[in-house]
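So the chains spell out like this:
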Amino acid sequence: MRTLLLTSILITGLSAFASAASGTDPIAHPTSANKVVLRVSTGGGFVAPQTNLRALPAFTLFGNGAVIVPGPVPQLFPGPAIFPLVRTKLSERQVQALLQRARRAGLLVRGPIDYGDMGAVGVSDGPTTTLIVNAGGSRVTRQAYALGIGAGHGRLTAKQVKTREALARFVAGLPRGLAGARYAPRALAVYVAAFQGSPQPGARPVVWPLTRDLATTGKPGATSAGYRCIAIGGADAKTLLATLRRANEQSQWLARAGATPTYQVIARPLLPDEVGCKTA
């Protein structure tokens, strides 16, 4: 079956990074399994609110060398009720090679980097790429609007074009964990709203498997587009994951068997550093 990776980042073998260390002094970084060393995510733009609620980082490297990326999804409609994630591991040598690349790309310097705004880029309704690097004694965040779309257009300065190209090359060269195992999240952020519109083909009803009342549980989020967000962990997360894997993105959810009305459920797996609905 053909599959579609949930990222436009180029797939690069990990072995290339094992030989890329330059022999310079090691770059310090967190070593905890729940501390982010490097993360790339893309969001916003002219998309449905549900798209942003489900969005996952394209690449996350944690202090212990673990890398979590989106997994392959079958090109079928309706799609899965929850997107899969894949976990693999980088050696410290590979982590250092990656951080050295970030340094050479100018991404570790302190202070902001000007990548240009919407007007300068000359593209409307594009997504924003966000890069977080926590290394070398500082944590920096880089944000570039319409990265890879608007370079060389609009009113970008030569310096802005150069910095955008450097960031795009770095992101495109990130390693991918092709041989990784499926990541089993310990917690989920679940967004719930009344089901709108007509049922789609394949959208069979699914009964909510937890004791918490689907009709009332959760709190509205500032960016969750009218959805209530429920933070779910522990044994409940395992139970709900099993049900989600039998559902799909168009499923109508019932608070209990035979109940009405029906609800739309959007489930997002939480990564090791993420807590509850704070990702909303």
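Up top is the structure these notes are about.
Residues numbered from 1 in each chain as written. Predicted model: local features only at pLDDT ≥ 70, side-chain atom pairs only at ≥ 80, totals over all residues. Heavy atoms only, no water.

Asks: So what's going on with the state of the cysteines? Residues and values would help.
Replies: Applying the stated criterion across every chain, the model contains one disulfide. Sulfur-sulfur distance for the disulfide between C229 and C277 comes to 2.1 Å. A torsion of -90° about the S-S bond marks the disulfide between C229 and C277 as left-handed. Placement of C229 in strand β13 (residues 228-233) and of C277 in the segment after β15 (262-269) is noted, with a sequence separation of 48 residues between them. Given the relative accessible area of 6%, C229 is considered buried. (Disulfide = S-S within 2.5 Å. Helix = DSSP H or I, 4+ residues; strand = E, 2+ residues; numbered from the N terminus. Buried < 20%, exposed > 50% of the residue type's maximum accessible area, 1.4 Å probe, protein only.)

Asks: Go over the nonpolar core, please, and point to the residues and values.
Replies: In terms of nonpolar packing, the biggest core is built from 27 residues, with L38, F59 and L61 touching the most fellow members. Contributing elements (two or more residues each) for this core: β2 (36-43), β3 (59-62), β4 (66-70), α3 (92-104), β7 (128-135), β8 (138-145) and α5 (158-172). Tallying contributions element by element places α3 first for this core, with four residues. The residues contacting L38, other than those within four sequence positions of it, are F59, T60, L61, L98, L131, I132, V133, F170 and L174. Counting residues in hydrophobic clusters, the runner-up holds 21 residues, among them A81, L188, W208 and L210. (Core = buried A, V, L, I, M, F, W, Y, C linked by side-chain atoms within 4.5 Å. Contact = heavy atoms within 4.5 Å.)

Asks: An account of the packing of aromatic side chains is requested, with residue identities and associated values reported.
Replies: Each aromatic ring pair is characterised by the separation of its centres together with the angle its planes make. As enumerated under the stated definition, the model contains one aromatic pair in all. For the ring pair W208 and W253, a centre distance of 6.1 Å and an interplane angle of 70° mean the geometry is edge-to-face. Placement of the pair is W208 in the loop between β11 (205-207) and β12 (219-220) and W253 in strand β14 (residues 252-254), with a sequence separation of 45 residues. For the pair formed by W208 and W253, the shared burial category is buried. Sitting above the plane of the F83 ring, R54 keeps its charged end 3.9 Å from the centroid. (Phe/Tyr/Trp six-rings, centres within 6.5 Å; stacked < 30°, edge-to-face > 60°. Lys NZ or Arg CZ within 6 Å of the ring centre and 35° of its normal.)

Asks: Residue-level account of the sheet that holds strand β10 (residues 187-194), with values.
Replies: The mixed open sheet is built from six strands, whose spatial order is β11-β14-β15-β10-β13-β12. Each having just a single partner strand, β11 and β12 make up the two edges of the open sheet. Here β14 runs beside β15; their pairing, made up of two bridges, is antiparallel. Along β15, the bridge assignment pairs L254 with T262. (Pairing = 2+ DSSP bridges.)

Asks: Explain the pairing of β7 to me, using residue names and the numbers behind them.
Replies: Burial runs high along β7: seven of the eight residues are buried. As paired elements, β7 and β8 share eight bridges and run antiparallel to each other. Within β8, the residue paired with T130 across the bridge is Q143. As consecutive antiparallel partners, β7 and β8 are separated by two residues, and within that stretch G136 has a phi angle of approximately 65°, a positive value.

Asks: Describe unusual backbone geometry, with residues and values.
Replies: Peptide bonds are mostly trans, and most non-glycine residues show a negative phi. A cis geometry characterises the amide bond from F77 onward to P78, with omega recorded as 0°. T260 connects to P261 through a cis peptide bond whose omega is 0°. Tracing the chain through its elements places P261 in the loop between β14 and β15. At A146, a position not held by glycine, the phi torsion is positive, near 50°. Here A146 is to be found in the loop between β8 and α5. Exposure remark for A146: the relative accessible area of 0% places this residue in the buried category.

Asks: Give a detailed account of the pairing of β13, specifying residues and quantitative values.
Replies: Across six bridges, the pairing between β10 and β13 is antiparallel. When the sheet's bridge partners are listed, A189 is paired in β13 with A231.

Asks: Before we move on, could you go through the side chain of N134 and cite the residues and values that matter?
Replies: Secondary-structure assignment places N134 in strand β7. Engagement of the side chain of N134 in a polar contact is seen with the backbone oxygen of V36, the distance being 3.4 Å. (Polar contact = N/O pair within 3.5 Å; in protein donor to acceptor, adjacent residues only side chain to side chain.)

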